[in-house]
Amino acid sequence: AQYGWSTTLMNYKKSYPDREAMGMLQFDNTEFKDLPPHHSFVIGRWTLFRKADTLQGSYSLLWEWVNAKPVIIADHSS
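Residues numbered from 1 in each chain as written. Predicted model: local features only at pLDDT ≥ 70, side-chain atom pairs only at ≥ 80, totals over all residues. Heavy atoms only, no water.

Draft legend 1. How the structure looks around the overall build of the protein. In terms of regular secondary structure, the protein is built from two helices and four strands. What you see in the protein, going N to C, is helices and strands ordered as α-α-β-β-β-β. A principal-axis box enclosing the C-alpha atoms of the protein has dimensions of 45 × 30 × 25 Å. Looking at the 78 residues of the protein, the share that counts as buried comes to 13%. Relative to all contacts within the protein whose residues are 6 or more apart in sequence, the contacts with residues 24 or more apart total 24%. Entry remark: accessible area of the protein is about 6,400 Å², with carbon and sulfur atoms responsible for 58%. Side-chain charges of the protein comprise 8 positive and 8 negative groups, with the mean position of each set lying 6 Å from the other. (Helix = DSSP H or I, 4+ residues; strand = E, 2+ residues; numbered from the N terminus. Buried < 20%, exposed > 50% of the residue type's maximum accessible area, 1.4 Å probe, protein only. Contact = heavy atoms within 4.5 Å. Areas by Shrake-Rupley, 256 points an atom, 1.4 Å probe, with all protein chains shown as cover. Lys, Arg positive; Asp, Glu negative; His and termini not counted. Charge placed at Lys NZ, Arg CZ, Asp CG, Glu CD.)

Draft legend 2. Representation of the pairing of strand 2 (residues 39-49) in the model. Looking at chain direction, strand 1 (residues 24-35) and strand 2 are connected through 11 bridges and run antiparallel. Residue pairing across strands places Met 24 opposite Phe 49, the latter belonging to strand 2. Remark: three residues form the turn of the hairpin made by strand 1 and strand 2, two consecutive strands paired antiparallel. One ladder, built from 11 bridges, connects strand 2 with strand 3 (residues 54-66); its direction is antiparallel. Paired with Thr 47 across the bridge in strand 3 is Gln 56. Linkage of strand 2 to strand 3, two consecutive antiparallel strands, is achieved through a turn of four residues. (Pairing = 2+ DSSP bridges.)

Draft legend 3. Region of interest: the pattern of salt bridges. In the structure shown here, the tally under the stated rule is one salt bridge. A salt bridge links Arg 50 to Asp 53; the shortest N-O distance between them is 2.8 Å. On the basis of relative accessibility, which here comes to 29%, the residue Asp 53 falls in the partly exposed class. (Salt bridge = Lys/Arg side-chain N within 4 Å of Asp/Glu carboxyl O.)

Here you go:
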(Lines give C-alpha, C1' and ligand atoms only; values in the text may rest on other atoms or scores of the structure.)
Protein backbone atom coordinates (compact mmCIF):
# COMPACT_ATOMS: atom_id res chain seq x y z
CA ALA A 1 0.00 0.00 0.00
CA GLN A 2 1.10 3.52 -0.71
CA TYR A 3 0.10 6.52 1.35
CA GLY A 4 0.20 10.29 1.14
CA TRP A 5 -0.72 13.04 -1.27
CA SER A 6 2.73 13.53 -2.81
CA THR A 7 3.15 9.77 -3.51
CA THR A 8 -0.30 9.65 -5.12
CA LEU A 9 0.42 12.73 -7.25
CA MET A 10 3.81 11.39 -8.37
CA ASN A 11 2.26 8.05 -9.44
CA TYR A 12 -0.59 9.85 -11.21
CA LYS A 13 1.78 12.06 -13.23
CA LYS A 14 3.85 9.00 -14.21
CA SER A 15 0.75 7.12 -15.41
CA TYR A 16 -0.93 10.11 -17.10
CA PRO A 17 1.75 12.39 -18.60
CA ASP A 18 -0.65 14.40 -20.81
CA ARG A 19 -4.37 15.11 -21.41
CA GLU A 20 -4.73 12.39 -24.03
CA ALA A 21 -3.38 9.73 -21.65
CA MET A 22 -5.47 11.22 -18.83
CA GLY A 23 -8.80 11.09 -20.67
CA MET A 24 -12.09 12.26 -19.16
CA LEU A 25 -13.17 10.81 -15.82
CA GLN A 26 -16.86 10.62 -14.91
CA PHE A 27 -18.30 9.75 -11.49
CA ASP A 28 -21.84 8.55 -10.88
CA ASN A 29 -22.88 8.36 -7.22
CA THR A 30 -25.51 5.59 -7.04
CA GLU A 31 -26.10 5.42 -3.28
CA PHE A 32 -25.75 8.03 -0.58
CA LYS A 33 -26.31 7.29 3.11
CA ASP A 34 -26.05 9.90 5.86
CA LEU A 35 -24.31 8.67 8.99
CA PRO A 36 -25.09 11.24 11.69
CA PRO A 37 -23.75 13.42 13.00
CA HIS A 38 -20.88 14.25 10.59
CA HIS A 39 -20.37 11.45 8.06
CA SER A 40 -21.81 10.08 4.81
CA PHE A 41 -21.22 6.82 2.93
CA VAL A 42 -21.20 7.05 -0.88
CA ILE A 43 -21.21 4.20 -3.41
CA GLY A 44 -20.78 4.79 -7.11
CA ARG A 45 -19.29 3.93 -10.45
CA TRP A 46 -16.47 5.62 -12.35
CA THR A 47 -15.84 5.64 -16.10
CA LEU A 48 -12.63 6.78 -17.75
CA PHE A 49 -13.08 7.77 -21.41
CA ARG A 50 -9.84 7.79 -23.40
CA LYS A 51 -9.09 7.88 -27.11
CA ALA A 52 -7.68 4.34 -27.02
CA ASP A 53 -10.21 2.74 -24.65
CA THR A 54 -12.85 3.15 -21.96
CA LEU A 55 -12.33 1.80 -18.44
CA GLN A 56 -14.94 1.36 -15.71
CA GLY A 57 -15.04 0.48 -12.05
CA SER A 58 -16.73 1.13 -8.75
CA TYR A 59 -15.95 2.98 -5.54
CA SER A 60 -17.09 3.48 -1.99
CA LEU A 61 -16.24 6.60 -0.03
CA LEU A 62 -16.56 7.62 3.57
CA TRP A 63 -17.01 11.37 3.84
CA GLU A 64 -16.56 13.48 6.94
CA TRP A 65 -18.37 16.81 6.81
CA VAL A 66 -15.99 19.59 7.89
CA ASN A 67 -17.33 23.15 7.82
CA ALA A 68 -20.22 22.00 5.57
CA LYS A 69 -17.79 20.48 3.00
CA PRO A 70 -17.18 16.76 2.42
CA VAL A 71 -13.66 15.44 3.11
CA ILE A 72 -12.89 11.90 1.93
CA ILE A 73 -11.48 9.97 4.86
CA ALA A 74 -11.66 6.49 3.28
CA ASP A 75 -11.73 5.45 -0.39
CA HIS A 76 -11.99 2.02 -1.94
CA SER A 77 -11.88 2.01 -5.73
CA SER A 78 -11.59 -0.92 -8.08
